[in-house]
Amino acid sequence: VYTMKDVQHGIAATMDGNIYHLTEGSSKPHLLMNFDGAMFSALSAYAAPASDAQYAVVATGEGLVYHLTIQGEKVSQQQLGEFSSGIISVSGLVTLDDETQHIFVATSDGYIHHFMVRPGRPVEQQVMAFFEERFISLTSYLTPDGLLNIIPATRDGKLYHVMYDASKSQEVHVDIRDGIKSHDAARTPGVKVGVLKRFYQVNESGMMFITGYATANDDTQHVLVASSDGAITHFSFQGTAYNDLKYSVVAQFQSMV
């Protein structure tokens, strides 16, 4: 789900291999593309306000990642990559100053792959991080200062926070082993890594899905976690001040969310 020109949009994937576009005010979903019965393992959608373009990244159960560009009635597609280890989660966004798309793919072998899609240039790919703990979900968002924030949730119940200054165009590789974070801060001064929260200290149930965003009016970052007990837990913080982290259950469902 994303907003463009004050209109909410959504991209949905169905079990029969269809990708649909939903728009606020319209009750009928628009079929964007069919992947011939493919089963999808992950989906992300976002927009570039300056160019009026909308994008979706879809991953299939076979480990293929596709990038869709939606401009009016025209939809184009390209394959970004193929991962034999399988794909757990994908997330994408656009940095406004240079119209670069940043796409993150979390694979089941513990790696986060970073794709950069720039206007008029070939797609660039790099390994951004390795986590010894395997993933359950991943989200990313921009803060008002232009920093790119990635929140990986791992199966052992941790929420990590990686801040990245994409304007520095640095090669970044974060290594997390046994909860110990390692990266060459001298070579990558635009990167900070920390443990946002150990979710198992908040809720004994397992994390299922996460999403994140930032509010510009108060410079606050927000992370929403859906857990296996049906709860939606809201975390909020500013910068890397994790000691001031606030959290509460904002919704409770009777079944798993």
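Quick summary incoming for the structure in this document. (Residues numbered from 1 in each chain as written. Predicted model: local features only at pLDDT ≥ 70, side-chain atom pairs only at ≥ 80, totals over all residues. Heavy atoms only, no water.)

Some details on the overall build of the protein
- Counting secondary structure elements, the protein contains zero helices and 22 strands.
- Taking all contacts inside the protein whose residues are at least 6 apart in sequence as the whole, residues at least 24 apart take part in 39%.
- By element, 49% of the accessible surface of the protein is carried by carbon and sulfur atoms, the whole surface being about 12500 Å².
- Within the protein, one finds 16 positive and 27 negative side-chain charges whose respective centroids are separated by 4 Å. (Helix = DSSP H or I, 4+ residues; strand = E, 2+ residues; numbered from the N terminus. Contact = heavy atoms within 4.5 Å. Areas by Shrake-Rupley, 256 points an atom, 1.4 Å probe, with all protein chains shown as cover. Lys, Arg positive; Asp, Glu negative; His and termini not counted. Charge placed at Lys NZ, Arg CZ, Asp CG, Glu CD.)

Details of the pattern of salt bridges
- Scanning all chains against the criterion turns up six salt bridges.
- K5 is the partner of D52 in a salt bridge, and the nearest nitrogen-oxygen pair spans 3.2 Å. A residue pair is termed long-range when its members are at least 10 positions apart, and D52 in the loop between strand 5 (40–48) and strand 6 (53–60) and K5 in the loop between strand 1 (2–4) and strand 2 (7–13) qualify at 47 residues.
- Ionic pairing is found between E124 and R121, a salt bridge with its closest N-O pair at 3.3 Å. (Salt bridge = Lys/Arg side-chain N within 4 Å of Asp/Glu carboxyl O.)

Side note on the side chain of H161
- Residue position: H161 is located in strand 15 (residues 158–164).
- In this structure H161 comes out as buried when scored by relative accessible area, which is 0%.
- For H161, the side chain forms a polar contact with the side chain of Y242, separated by 2.5 Å. (Buried < 20%, exposed > 50% of the residue type's maximum accessible area, 1.4 Å probe, protein only. Polar contact = N/O pair within 3.5 Å; in protein donor to acceptor, adjacent residues only side chain to side chain.)

Observations regarding unusual backbone geometry
- Here the phi dihedral of D6 falls at roughly 65 degrees; this positive angle occurs in a residue that is not glycine.
- For D6, the location among the structural elements is in the loop between strand 1 and strand 2.
- Given a relative accessible area of 75%, D6 falls into the exposed group.

Description of the sheet that holds strand 3 (residues 18–23)
- Within the open sheet, the four strands sit side by side as 1-2-3-4. Their pairing is antiparallel. Each edge of the open sheet is held by one strand with a lone partner, namely strand 1 and strand 4 (30–34). With direction set aside, neighbouring strand axes in the sheet form an average angle of 30 degrees. (Pairing = 2+ DSSP bridges. Axes fitted to C-alpha atoms, helices over the stretch in contact; angles between N-to-C directions.)

A word on the environment of E82
- Turning to its location among the elements, E82 is positioned in strand 8 (residues 74–82).
- Sequence separation between E82 and K192 is 110 residues, and the spatial gap between their C-alpha atoms is 28 Å.
- Residue contacts for E82: discarding those within four places in its chain leaves G63 and L64.

Notes on the layout of surface pockets
- Of the volumes computed, that of the largest pocket is approximately 1300 Å³.
- Along the wall of the largest pocket there are 50 residues; nearest its centre are G92, L93, S140, Y141 and G212.
- For the lining of the largest pocket, the secondary structure elements donating two or more residues are strand 1, strand 2, strand 5, strand 9 (87–95), strand 13 (135–142) and strand 19 (207–215).
- Residues that form the lining of the largest pocket fall into these classes: 28 nonpolar, 18 polar and four charged. (1 Å grid on protein atoms, 1.4 Å probe; cavity = no way out; pocket = protein on both sides within 12 Å on 5 of 7 lines; lining within 4 Å. Points joined across faces, edges and corners; volume = space filled by probe spheres on them. Nonpolar A, V, L, I, M, F, W, Y, C, P; charged D, E, K, R; others polar.)

A look at empty space enclosed by the protein
- In the structure shown here, the tally under the stated rule is one cavity of 30 Å³ or more.
- The calculated volume of the largest cavity comes to roughly 30 Å³.
- F104, I112, M128, A129, I150, V162 and V174 together form the lining of the largest cavity.
- Each residue belonging to the lining of the largest cavity can be placed in one class, and the counts come to seven nonpolar, no polar and no charged.

Here we look at the packing of aromatic side chains
- Counted under the stated rule, the structure contains ten aromatic pairs.
- When the centroid spacing of 4.9 Å and the interplanar angle of 50 degrees are considered together, the rings of Y111 and F130 count as tilted. Of the two residues, Y111 sits in strand 11 (residues 111–117) while F130 sits in strand 12 (residues 124–131), which places them 19 residues apart along the sequence.
- The structure contains a cluster of three or more aromatic residues connected by ring pairs, namely F35, F40 and Y66. (Phe/Tyr/Trp six-rings, centres within 6.5 Å; stacked < 30°, edge-to-face > 60°.)

Topic: the environment of K192
- Tracing the chain through its elements places K192 in strand 18 (residues 191–198).
- Distance in space between the C-alpha atoms of K192 and D165 is 9.3 Å, their sequence separation being 27 residues.
- In contact with K192, other than residues within four places in its own chain, are H161, V162, M163 and T240.

Comments concerning the side chain of T107
- Tracing the sequence through the fold places T107 in strand 10 (residues 100–107).
- Residue class for T107 comes out buried when judged on its relative accessible area of 1%.
- Only 2.5 Å separates the side chain of T107 from the side chain of D109, close enough to count as a polar contact.
- Apart from the residues within four sequence positions on either side, T107 is in contact with F83, S85, G86, I87, I88, H113 and F135.

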